[in-house]
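What follows is the residue order along each chain.
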Amino acid sequence: MKIEIKSAATQQGREAITEIMAASYTTDFDCVPPEWALAYVVEEIPVSFIIIDPNKYMEFPGGDLRFAFINDVATREYRRMEGHFRALMEIAFARIQKAGIPWVLTHGRYPLYRRFGFDVFTHHAGLFITPEQITCCLGDGPSDPALLDVFAPPASPEERLVITEVRANTPPEGAAALRAAATLAHEHGREQVFFEHPPAPSYGSRYPIYATPETPFTRLVLSCGGEVRIQGADPENGRIPDADWIKVLDAATFTREAVCARDTALSLPKGCVGLVTDIGAVYIDTSSDRVHVSDIIPPDTPTFNWPTSALAQLVTGYQSAGVLNARYHSLLPDKMVTFLDTLFPQVWRLSRNESWTYKA
């Protein structure tokens, strides 16, 4: 079987991608470098496409790290279930790794990306309050709708006003923002206000980190009788099974880059540890003043086994070593758990909970 990979850097590649989109769905492929928009051609028939942005960055305490983001991937409807999607994904992973990028992110539905070794790495944070609660607590006073970004998708539930950002730095500004939200909710016939707070990035944009999801505005909403919801991504059980997903392609390089981007103001724990994953080994040694990370584990090193997805969740700060130790029954001694949690402290990365935004 003759297989060709054509990119949007050529006219043939652009035409192939356009043809596949006509038989699946249309998306923008001019938003990425043309060599990263690929068509998978079988026996001269364009079958699948993938659109990759190789220049995305995620915030870490000591600096941003580059990752690749899969914007879209699709196959002609009548050519599905033939293995083309998987073949194109594997080709994409190889190209990303060859470009020196050890990890890839995407957004999509469970269970599709689980099958390729992706896992979740973000939390959801939201504030829920009724306009009546706001009015009852705050009464009349200054109101400033300019402090709010309102999100009103066609599928948004009638009873919910969705606010994606609140630019309130002081309690008086927070009160003015809440009064404005109550007014907007009444004007649009909405029975509830949902604040996506702290704000979550749109898919594929830079993921900031928060030391805590609680803010002065959160406390103000609570004082008015509102509800705070913090939830780990749960696409298996969520009403809408969408999530932001992460996959590590090179365990040692990924870990090395993350260690280099740690907060240098924090003391460096002393020790060494070996981790065996499904894609290779990782050795971390901090016994000297510098951190050494490699894919070769010396003899007599304390070693344990984790899936690569656990490494991704640890390094990005989504889960602590203690939680992962319990989940994977790895029986790490307390000293090793403390070592890993000090090296990779937990932080909060947020993404949009679509069931909160689009569904009641």
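Everything numeric here is computed off the predicted structure, so don't read it as measured data.

Draft legend 1. Structural view of the pattern of salt bridges. Counted according to the given criterion, the structure contains 15 salt bridges. The salt bridge partner of Arg-14 is Asp-30, with a shortest N-O separation of 3.1 Å. On the criterion of sequence distance, the pair formed by Arg-14 in helix H1 (residues 11-22) and Asp-30 in the loop between H1 and strand E2 (37-42) is long-range, its members being 16 residues apart. Accessibility expressed as a relative area gives 53% for Asp-30, which makes it exposed. Note that Glu-196 is salt-bridged to Arg-352, the shortest N-O span being 2.8 Å. Pair noted here: Glu-196 is in the loop between strand E10 (192-195) and helix H5 (216-223) and Arg-352 is in the loop between helix H9 (334-343) and helix H10 (354-358), with a separation of 156 residues, a long-range link. Members of the salt-bridge network, linked through shared partners, are Glu-59, Asp-64 and Arg-206.

Draft legend 2. Representation of the packing of aromatic side chains within the structure. Tallied over the entire structure, the rule returns 14 aromatic pairs. On the basis of an interplanar angle of 70° and a centroid distance of 6.0 Å, the ring pair of Tyr-25 and Phe-49 is categorised as edge-to-face. With a gap of 24 residues between them, Tyr-25 in the loop between H1 and E2 and Phe-49 in strand E3 (residues 45-60) connect regions that are remote in the sequence. With 5.6 Å between their ring centres and 50° between their planes, Phe-85 and Phe-116 make a pair best called tilted. Of this pair, Phe-85 sits in helix H2 (residues 84-98) while Phe-116 sits in the loop between strand E5 (103-109) and strand E6 (119-120), and the two are 31 residues apart along the sequence. Both residues of the pair, Phe-85 and Phe-116, belong to the buried class. Of note, Arg-86 hangs over the ring of Phe-116, and the distance from its end group to the ring centre comes to 4.5 Å.

Draft legend 3. Structural context of H5. Here H5 has its buried residues at Phe-217, Thr-218, Leu-220 and Val-221. Looking straight down H5, one finds that the buried residues subtend no more than 160° of arc, so they occupy a single side. Tucked into the core, H5 has its buried residues touching strand E7 (123-129), strand E9 (160-166), helix H4 (171-187), E10 and strand E11 (227-232). Gly-225, located one to two residues past H5, shows a positive phi value of around 90°.

Draft legend 4. View of the state of the cysteines. Applying the stated rule across the entire model yields zero disulfides. Cysteine Cys-260 remains unbridged, with the sulfur of Cys-272 as its closest cysteine sulfur at 18 Å. For Cys-260, a relative accessible area of 64% puts it in the exposed group.

Draft legend 5. Spatial organisation of the environment of Trp-36. Its location among the elements puts Trp-36 in the loop between H1 and E2. With a relative accessible area of 11%, Trp-36 lands in the buried category.

Draft legend 6. Spotlight on the pairing of E9. With six of seven residues buried, E9 lies mostly within the body of the structure. Looking at chain direction, strand E8 (residues 148-151) and E9 are connected through four bridges and run antiparallel. Paired with Leu-148 across the bridge in E9 is Val-166. For E9 and E10, the ladder comprises four bridges, and the chain directions are parallel. Bridge assignment links Val-162 to a residue of E10, and that residue is Phe-194.

Draft legend 7. Quick peek at the packing of H4 against H5. It is at 10 Å that the axes of H4 and H5 come closest, and there the two elements cross at 55°. When the axes of H4 and H5 are compared, the pair comes out oblique. Viewed along their axes, H4 and H5 form a crossing whose handedness is right-handed. Across the interface between the two elements, Pro-171, Gly-174, Ala-175, Ala-177 and Leu-178 from H4 touch Phe-217, Leu-220 and Val-221 from H5. Its residues assigned to classes, the contact of H4 with H5 comprises seven nonpolar, one polar and no charged.

Draft legend 8. Focus on the sheet that holds strand E16 (residues 303-305). Taken in spatial order, the four strands of this open sheet run E15-E14-E13-E16, and their pairing is mixed. Edge strands, defined here as strands with exactly one partner in the open sheet, are strand E15 (292-294) and E16. With strand direction ignored, the average angle separating the axes of adjacent strands in the sheet is 15°. Here three bridges tie strand E13 (residues 272-277) to E16, and the two strands are oriented parallel to one another. Bridged to Leu-275 within E16 is Phe-304.

Conventions used here
Residues numbered from 1 in each chain as written. Predicted model: local features only at pLDDT ≥ 70, side-chain atom pairs only at ≥ 80, totals over all residues. Heavy atoms only, no water. Salt bridge = Lys/Arg side-chain N within 4 Å of Asp/Glu carboxyl O. Helix = DSSP H or I, 4+ residues; strand = E, 2+ residues; numbered from the N terminus. Buried < 20%, exposed > 50% of the residue type's maximum accessible area, 1.4 Å probe, protein only. Phe/Tyr/Trp six-rings, centres within 6.5 Å; stacked < 30°, edge-to-face > 60°. Lys NZ or Arg CZ within 6 Å of the ring centre and 35° of its normal. Arc of directions from axis to C-beta. Contact = heavy atoms within 4.5 Å. Disulfide = S-S within 2.5 Å. Pairing = 2+ DSSP bridges. Axes fitted to C-alpha atoms, helices over the stretch in contact; angles between N-to-C directions. Parallel < 35°, antiparallel > 145°, perpendicular 65-115°, else oblique. Left-handed = near helix turned anticlockwise from the far one by under 90°. Nonpolar A, V, L, I, M, F, W, Y, C, P; charged D, E, K, R; others polar.

Without other data, these values stay purely geometric and don't point to any function.
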